[in-house]
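# Secondary and tertiary structure notes
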Amino acid sequence: MEIKVDNTTELARDRGNGESYEANFEFFPFHEGETYSLYKGVLNGEYFASDRHGERCVVRTLKKKSSNSYADWDTFVQVASNADELASQFHRETASMTLAFPRPLLTNVNQKSSFVGVFRKFNPHEKRLKINETVVIEPLVGRPFFQFYKQNVANNQQSKHHAEQCAVKGNKQKRTTKNSNCVSREQNSEEQSYPVEVLPTLAAFSHYTWHATKKFIVTNFQGSFNHETSSLTLINPTIHSIDQRYGETDRGLAGIEDFFNNHECYKGLCSTWCKYETQDPNGNFSEPVTSLNQPD
């Protein structure tokens, strides 16, 4: 019997640069949540000179079942794509810090290592990987990893005070954590944390997603902050939409209402944007100003 050393995926096309990549990934997941199992890996370009060749990545699989169709990932990919497109618009219009939601690459498992069963004994996990199951490849987010959505921005008066001092004035002047006197760092076991304006900026971005679409808001942010580039890389956000079309985590109007009931606008950032309760005389929401794709 031929011994298969690595877990590998088939080639996946990156629409951003037009190149194709496969992932070699570890024998067991480094994290298992309620829905997904995550494996660390490395991207291998179809050609050695590919832009992302050698980049560390994550292979995300469904934990409790084996996906056999790209359609199983339609909502996941659409949420990331919509969030990333809106984040680009948000940055252009407000000159705030850069928010990036990496767009997943869809592919299938091409090879399963012969050592998976052995490593299961040393690292017990629930996921049982299968050949040909559909998975997604994402960049490996840097450390430390933060679950920003667990922070209560609305009640953090210190964050609000600093955020208003640091709020974007529309002049697109670049600020970094190195020269800003508005940086407040929290203690972290691995390194110092992130600037105090991160949380208000994320809250303002959620508000912006409603202002721009009139159909949904993007919430529940998690990821990492890069101090060198003063930017955030965020993964697996949630969308709450008026017609509740974005999967099990989409709480529809209840999710939208909860956000605005707890959101306090920040002067100079989002105080002039339309809110959830902004409707026409007939009680209808106005038409969206963007043309983002919607899942069928």
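Overview of the structure. For every chain, the first residue of the written sequence is number 1, and numbering continues from 1 along that sequence. Residue-level local features of this predicted model are given only where pLDDT is at least 70; pairs of side-chain atoms are given and counted only at 80 or more, and the full residue set underlies all totals for whole chains, interfaces and linings. Neither water nor hydrogens contribute to the side-chain values; these are computed over all heavy atoms in the structure.

The subject of this paragraph is the packing of helix H4 (residues 198-213) against helix H5 (residues 252-262). Two quantities define a packed helix pair, namely the angle between the axes and the distance from one axis to the other. Lines fitted to C-alpha atoms define the axes, with helix axes restricted to the stretch in contact, and inter-axis angles between N-to-C directions lie between 0 and 180 degrees. Secondary structure elements are taken from DSSP: a helix is a run of H or I of four residues or more, a strand is a run of E of two residues or more, and numbering for both begins at the N terminus. Where H4 meets H5, the closest approach of the two axes is 11 Å, and the angle between their N-to-C directions is 130°. Comparing the axis directions of H4 and H5 gives the class oblique. In this structure, H4 crosses over H5, and the sense of that crossing is left-handed. Residues Ala203, Ser206, His207 and Trp210 of H4 pack against Ile256, Phe259 and Phe260 of H5. Of the residues that constitute the contact of H4 with H5, the class distribution is five nonpolar, two polar and no charged. Throughout this description, any angle smaller than 35 degrees is read as roughly parallel, any larger than 145 degrees as roughly antiparallel, any in the 65 to 115 degree range as roughly perpendicular, and the remainder as oblique. Helix crossings fall into two classes, left-handed where the near helix is turned counterclockwise from the far one by less than a right angle and right-handed where it is turned clockwise. In what follows, residue pairs with any heavy atoms lying within 4.5 Å of each other are defined as contacts. Residues are grouped as follows: Ala, Val, Leu, Ile, Met, Phe, Trp, Tyr, Cys and Pro are nonpolar; Asp, Glu, Lys and Arg are charged; every other residue, Gly included, is polar.

Now for the sheet that holds strand E7 (residues 98-100). Two strands form a pair only when DSSP identifies at least two bridges running between them. If you trace the four strands from one edge of the open sheet to the other, you get E7-E13-E12-E10, paired in mixed fashion. Both outer strands of the open sheet, E7 and strand E10 (146-147), are each paired with one neighbouring strand and no more. In terms of strand pairing, E10 meets strand E12 (residues 222-226) through two bridges, oriented antiparallel. Among the inter-strand pairings, Gln147 is bridged to a residue of E12, identified as Gln222.

What follows is about the side chain of Asn108. Its location among the elements puts Asn108 in strand E8 (residues 105-111). Remark: exposure states derive from per-residue accessible area (1.4 Å probe, protein chains only) relative to the maximum for the residue type, with buried under 20%, exposed over 50%, and partly exposed in between. Classification of Asn108 by relative accessible area gives buried; the value is 15%. A distance of 2.9 Å separates a polar atom in the side chain of Asn108 from a polar atom in the side chain of Thr134. Aside from chain neighbours lying at most four places away, what touches Asn108 is Thr9, Glu10, Tyr70, Asn132, Glu133 and Thr134. Between N or O atoms, a polar contact is any pair within 3.5 Å; within protein, one atom must be a potential hydrogen donor and the other a potential acceptor, and residues adjacent in sequence are included only when both atoms are from side chains.

On to the state of the cysteines, then. Two cysteine sulfurs form a disulfide in these notes if their separation is within 2.5 Å. Counted according to the given criterion, the structure contains zero disulfides. Among the cysteines around Cys265, which has no disulfide bond, Cys270 carries the closest sulfur, lying 4.0 Å off.

Our next topic: the environment of Val58. Secondary-structure assignment places Val58 in strand E6 (residues 56-62). The class for Val58 is buried, based on a relative accessible area of 7%. Distance from Val58 to Phe25, taken between C-alpha atoms, is 7.9 Å for residues 33 residues apart in sequence. Among all residues touching Val58, those that are not within four sequence positions of it are Phe30, Leu38, Tyr39, Val136, Ile137, Glu138, Pro139 and Leu140.

Whenever a carboxyl oxygen of Asp or Glu lies within 4 Å of a side-chain nitrogen of Lys or Arg, that contact is scored as a salt bridge. All chains considered together, the criterion is met by eight salt bridges. For the salt bridge of Arg60 with Glu138, the shortest nitrogen-to-oxygen distance reads 2.7 Å. In this pair, Arg60 is assigned in strand E6 and Glu138 in strand E9 (residues 134-139), connecting sequence segments 78 residues apart. On the accessibility criterion, Arg60 (4% relative accessible area) is buried. Arg245 is the partner of Asp243 in a salt bridge, and the nearest nitrogen-oxygen pair spans 2.8 Å. A relative accessible area of 41% places Asp243 in the partly exposed class.

A few words now on unusual backbone geometry. In this structure, Pro144 follows Arg143 across a cis peptide bond, with omega equal to 0°. Within the secondary structure, Pro144 sits in the loop between E9 and E10. Positioned with a positive phi, Lys214 is a non-glycine residue whose angle comes to about 60°. Within the secondary structure layout, Lys214 lies in the loop between H4 and strand E11 (216-219). A relative accessible area of 10% places Lys214 in the buried class. Phi at Gln244 takes a positive value of approximately 50°, unusual for a residue other than glycine.

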